[in-house]
Number of protein chains: 2
Amino acid sequence: MRDACGHDRCFEDLAVGEAAEIARTVTEADIAAFAALSGDFNPMHVDEDYAQASPFKGRIAHGMLSGALISTVLGMKLPGPGCIYVAQSLNFKRPVRIGDTVVTRCEVTGLEPAKKLATLRTTCRVGGKVVVDGEATLMVPGSRSAA
Amino acid sequence: MRDACGHDRCFEDLAVGEAAEIARTVTEADIAAFAALSGDFNPMHVDEDYAQASPFKGRIAHGMLSGALISTVLGMKLPGPGCIYVAQSLNFKRPVRIGDTVVTRCEVTGLEPAKKLATLRTTCRVGGKVVVDGEATLMVPGSRSAA
């Protein structure tokens, strides 16, 4: 249901501490699709023999696939449709492997009313361990700036 | 051709100022594929009517699609296969639209031999204007740490 601003959620609806998450099991098909879409056929992602001989001992997902899952939480859930992505930092802590279930959580950590900017801590976990963390900054339409 | 380290390029081969780039025209199919892969069906990306009524006046690509192109340059060209993605910052400056040709350039800006860390400035441009900029940090295998 849309609010007075015409979006699912206006800047004024956000509160520090609010959070949303999604869970997604990464498949071999996801990695193949990401490679085809991005053009990133780095053998760490697509060549099991090469990856087996590497320190990771097997294929790993593209780091930006986790980045895409963060973007999905932001664009679909919190702040949700209508927000404008301003910046994202990503720290790749651990590899994500085929079959891993990535739980991606975004939590509002700061709100700057003058610029309608929201800051969110963005974290991807596998089995409770952080695989990617970082921070997102988004501009969120206010209730007086309806589209 | 692989170097003594067993990778296309070892840490010792890198020099500050070295750069690589790719060009890619973003298609409607790319945006649809990214939405299907990520689960990010934000209407700014997939609903032309909604996007027409927004400040962008039309659908825009997912920001992380540009992120994926950066990852492609890093993983395929510079530093290339064998490197480990440590961190990435992304500043989304302007929208990328269907039909835009994104030129993604990565340039080595710093080298930290003790940790085999390379820092690269990562920039996506459309028609010469910066649409995304940021910085990447990667660990690059040294010639004495062959896989």
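What comes next concerns the included structure. (Residues numbered from 1 in each chain as written. Chains lettered and ligands numbered in written order. Predicted model: local features only at pLDDT ≥ 70, side-chain atom pairs only at ≥ 80, totals over all residues. Heavy atoms only, no water.)

Some thoughts on the packing of helix 1 (residues 28-38) of chain A against helix 4 (residues 63-76) of chain B
Relative to each other, helix 1 of chain A and helix 4 of chain B sit at 85°, their axes nearing to 9 Å. By the angle between their axes, helix 1 of chain A is roughly perpendicular relative to helix 4 of chain B. Every residue of helix 4 of chain B that contacts helix 1 of chain A at Phe-34, Leu-37 and Ser-38 of chain A is listed here: Leu-65, Ala-68, Leu-69 and Thr-72 of chain B. Tallied by class, the residues present in the contact of helix 1 of chain A with helix 4 of chain B amount to five nonpolar, two polar and no charged. (Axes fitted to C-alpha atoms, helices over the stretch in contact; angles between N-to-C directions. Helix = DSSP H or I, 4+ residues; strand = E, 2+ residues; numbered from the N terminus. Parallel < 35°, antiparallel > 145°, perpendicular 65-115°, else oblique. Contact = heavy atoms within 4.5 Å. Nonpolar A, V, L, I, M, F, W, Y, C, P; charged D, E, K, R; others polar.)

So, unusual backbone geometry
Omega for the peptide link from Leu-78 of chain A to Pro-79 of chain A comes to 5°, which places this bond in the cis form. Position of Pro-79 of chain A relative to the elements: it lies in the loop between helix 4 (63-76) and strand 2 (84-92). With a phi close to 55°, Lys-57 of chain A is a non-glycine residue in the positive phi region. Inspection of the secondary structure puts Lys-57 of chain A in the loop between helix 3 (48-52) and helix 4. With a relative accessible area of 55%, Lys-57 of chain A lands in the exposed category. Even without being glycine, Lys-116 of chain B reaches a positive phi, approximately 55°. Its place among the elements puts Lys-116 of chain B in the loop between strand 3 (101-112) and strand 4 (117-126). (Buried < 20%, exposed > 50% of the residue type's maximum accessible area, 1.4 Å probe, protein only.)

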